[in-house]
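# Coordinate analysis (summary)
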Amino acid sequence: MERVSIFVDGANMYYAQKRLGWFIDYRKLLCYFRTTLGMKVADAYYYTAVDPNAKGRDATFHDYLLHSGYVLRTRPIKGCCGEGREDVPWERIELAVDIVMDALLTIDHYDVCAILSGDGNFERLVETLRAKGKKVMVFAHPEMTARELRIALGPNFHDLRDMERFIARTDRAPEPCPDKTIYGDGNSESHG
C-alpha cells in the first residue's frame, strides 16, 4: 500500500471552492485517499494565514481540522502598504515555502506527495520530488492552475470538479470512513 502525505494550500483551496460552488469536507478528503485511491495517509497538513485579532469561525474550522487528523500550519497575516494598492493595509502571507519545506523534510514518510494547490510556485518541488523517486499528484481547479505546474505534472493533475461526489461537504454530519479509520493503518479496534 502506497503511503501518501497531503499538503493543502488553504488560501488556494478557499478560492477554488468559491469558484466550484461547493466546499471540501476535509475528513472525506482523507477517506478519499484511503478508500478510493487505496493509500495509507502518512501525514496531512493544512496551511493558512490567520488574523491574530479575529476569532470565531476560523477557530472553529481550525479545531475541526485538528480533530480530523491534520497538522495545522499557520502564519499571522501581515499588513503592508505596497505601491499601486488601494486597500491599506494590504494583507498577504505566502505559505508556499512552508509547504515546500515540510514536503522535503518529511520525504521519507511517503511514497506519494499530494498537493492541493494550483500555485506555480510548486513546479520546482514537483520536479525535485520526482527526481527523488516520489510520485507527485496535484489536485486543483484547472482554471486556477499555473501552466508550468500542469506541464511538470503531466497526467498526475487531478481536477477537483471530478472529485465532488467523494469530497464535497454536505449539510449533514460527515460520514466516517468505511473502515472507521482516518489514516488506514489497520490498527483500529472493532466495536461490535
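Please refer to the structure placed before this passage.
Residues numbered from 1 in each chain as written. Predicted model: local features only at pLDDT ≥ 70, side-chain atom pairs only at ≥ 80, totals over all residues. Heavy atoms only, no water.

## Some details on the overall build of the chain
Operational definition: Numbering of helices and strands runs from the N terminus, with a helix taken as a DSSP run of H or I at least four residues long and a strand as a DSSP run of E at least two residues long. A 1.4 Å probe rolled over the protein chains alone gives each residue an accessible area, and that area as a share of the maximum for its type sets the label: buried under 20%, exposed over 50%, partly exposed in between. Residue contacts are defined here by distance: any two heavy atoms, one from each residue, within 4.5 Å place the two residues in contact. Method for areas: the Shrake-Rupley scheme with a 1.4 Å probe, in which residue coverage is limited to the protein chains shown.
For the chain, the helix and strand inventory stands at seven helices and eight strands. Residues counted as buried form 43% of the 192 residues belonging to the chain. A separation threshold of at least 6 residues defines the contact pool for the chain, and within that pool the share at least 24 residues apart is 70%. As presented, the chain carries roughly 11100 Å² of accessible surface, and 47% of it is formed by carbon and sulfur atoms.

## With respect to the sheet that holds strand β8 (residues 157-159)
To be explicit about the condition: Only when DSSP finds a minimum of two bridges between them are two strands counted as paired. Between the N-to-C directions of two axes lies an angle of 0 to 180 degrees, each axis being a line fitted to C-alpha atoms and, for a helix, fitted only over the stretch in contact.
A sheet is described by the order of its strands in space; here six strands give the open sequence β3-β2-β1-β6-β7-β8, paired in parallel fashion. With partners counted over all chains shown, the strands left at the sheet margins are β3 (71-76) and β8, one partner each. Averaged over all neighbouring strand pairs, the angle between strand axes comes to 20 degrees, with direction disregarded. Strand direction decides the pairing type here: strand β1 (residues 3-9) and strand β6 (residues 112-116), joined by five bridges, are parallel. Bridge pairing in β6 places Val8 opposite Leu116.

## Focus: the packing of helix α2 (residues 26-36) against helix α3 (residues 57-68)
The following threshold applies: The labels follow the angle: roughly parallel below 35 degrees, roughly antiparallel above 145, roughly perpendicular from 65 to 115, and oblique for the rest. Working rule for handedness: look at the near helix, and if it is turned counterclockwise from the far one by less than a right angle, call the crossing left-handed; if clockwise, right-handed. For this classification, Asp, Glu, Lys and Arg are treated as charged, while Ala, Val, Leu, Ile, Met, Phe, Trp, Tyr, Cys and Pro are nonpolar and the rest, including Gly, are polar.
Where α2 contacts α3, the axes come no closer than 9 Å and their chain directions differ by 25 degrees. Here α2 is positioned roughly parallel relative to α3, judged by the angle of their axes. Where α2 crosses over α3, the two elements pack in a sense that is right-handed. Note on element contacts: α3 touches α2 through Phe61, Tyr64, Leu65, His67 and Ser68, opposite Tyr26, Arg27 and Leu30. Considering only residue class, the contact of α2 with α3 consists of five nonpolar, two polar and one charged.

## So, the side chain of Asp159
Going by this rule: Here a polar contact means two N or O atoms within 3.5 Å. Within protein one must be a hydrogen donor candidate and the other an acceptor candidate, and residues neighboring in sequence count only if both atoms are side-chain atoms.
Within the fold, Asp159 resides in strand β8. Side chain to side chain, Asp159 and Arg161 meet in a polar contact 2.7 Å long. Asp159 has contacts with Ala140 and Pro142, leaving out every residue within four places of it along the chain.

## Things to note about the nonpolar core
Formally: Buried residues of nine kinds, namely Ala, Val, Leu, Ile, Met, Phe, Trp, Tyr and Cys, make up a nonpolar core once their side-chain atoms join them within 4.5 Å.
If you look at the biggest cluster of nonpolar residues, it comprises 28 residues, and the most contacted ones within it are Ile6, Val8, Tyr26, Leu29, Phe33, Tyr70 and Phe139. Listed by contribution, the elements that provide at least two residues to this core are β1, α1 (10-20), α2, β2 (40-50), β6 and β7 (135-140). Per element, the largest residue contribution to this core is five residues, and it comes from α2. Ignoring any residue separated from it by four or fewer positions in sequence, one finds Phe33 in contact with Val4, Ile6, Gly38, Met39, Val41, Ala114 and Phe139. One finds Ala96, Ile107, Leu125 and Val126 within the second-largest nonpolar core, a separate group that totals 23 residues.

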